[in-house]
Amino acid sequence: MTSTRDARRRTIRTAVQAAVSAAGVLLVALPIVMATVEEHLPAERYAALAGVAAAITAGATLVTRIMALPAVIGFIDTYLPWLSASEPPPHAADGDVPDADR
């Protein structure tokens, strides 16, 4: 699978995951709580919550797309290997540190 295709698939997966999470919280759970407190939820507030859910989804998708850029992947592999998607180098397995005395 090519890097571009993999990046596209990761972006789509993140968008779906963020949309489901945002919708579950902002469009289902929060209106129930607000309706209980206020007796009813005006359509304007529900529309605003839908907008917030869309913004959260767009933000998560944008961050995922940026994280898939080759420059960002290279930076993470070099400076943040614990966050890298690739396999760690063999000497980093299980937290082993090479002995300087050997």
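Definitions and limits used
- Residues numbered from 1 in each chain as written.
- Predicted model: local features only at pLDDT ≥ 70, side-chain atom pairs only at ≥ 80, totals over all residues.
- Heavy atoms only, no water.
- Core = buried A, V, L, I, M, F, W, Y, C linked by side-chain atoms within 4.5 Å.
- Buried < 20%, exposed > 50% of the residue type's maximum accessible area, 1.4 Å probe, protein only.
- Helix = DSSP H or I, 4+ residues; strand = E, 2+ residues; numbered from the N terminus.
- Contact = heavy atoms within 4.5 Å.
- Patch = residues over 30% accessible without salt bridge, like charges linked within 9 Å, V, L, I, M, F, W, Y side chains within 5 Å.
- Areas by Shrake-Rupley, 256 points an atom, 1.4 Å probe, with all protein chains shown as cover.
- Salt bridge = Lys/Arg side-chain N within 4 Å of Asp/Glu carboxyl O.
- Phe/Tyr/Trp six-rings, centres within 6.5 Å; stacked < 30°, edge-to-face > 60°.

Participant: Looking at this model, I keep getting lost on the nonpolar core. Mind explaining?
Facilitator: One recurring pattern in soluble globular proteins is that nonpolar side chains are buried together. Counting five residues, the largest nonpolar core consists of Ala22, Leu26, Met34, Leu49 and Ala53. Residue contributions to this core peak at three residues, all from helix α1 (residues 3–38). If we skip the residues at most four places from it in the chain, Ala22 touches Leu27, Ala53, Ile56 and Thr57.

Participant: Quick question: what am I supposed to make of a nonpolar patch on the surface here?
Facilitator: Together, Val63, Met67, Trp82 and Leu83 make up an exposed nonpolar region whose accessible area comes to about 450 Å². Inspection of the secondary structure assignment puts Val63 in helix α2 (residues 43–67).

Participant: Could you clarify how one ought to interpret the packing of aromatic side chains in this entry?
Facilitator: When we look at a pair of aromatic rings, we describe it by the centre distance and by the angle of the planes. The tally for this structure, following the rule as stated, stands at one aromatic pair. The interplanar angle of 45° and the centroid separation of 5.0 Å between the aromatic rings of Phe75 and Tyr79 together place this pair among those described as tilted. On the criterion of helical spacing, the pair formed by Phe75 and Tyr79 is a turn pair, its members being four residues apart in helix α3 (residues 70–79). The exposure class assigned to Phe75 is partly exposed, which follows from its relative accessible area of 46%.

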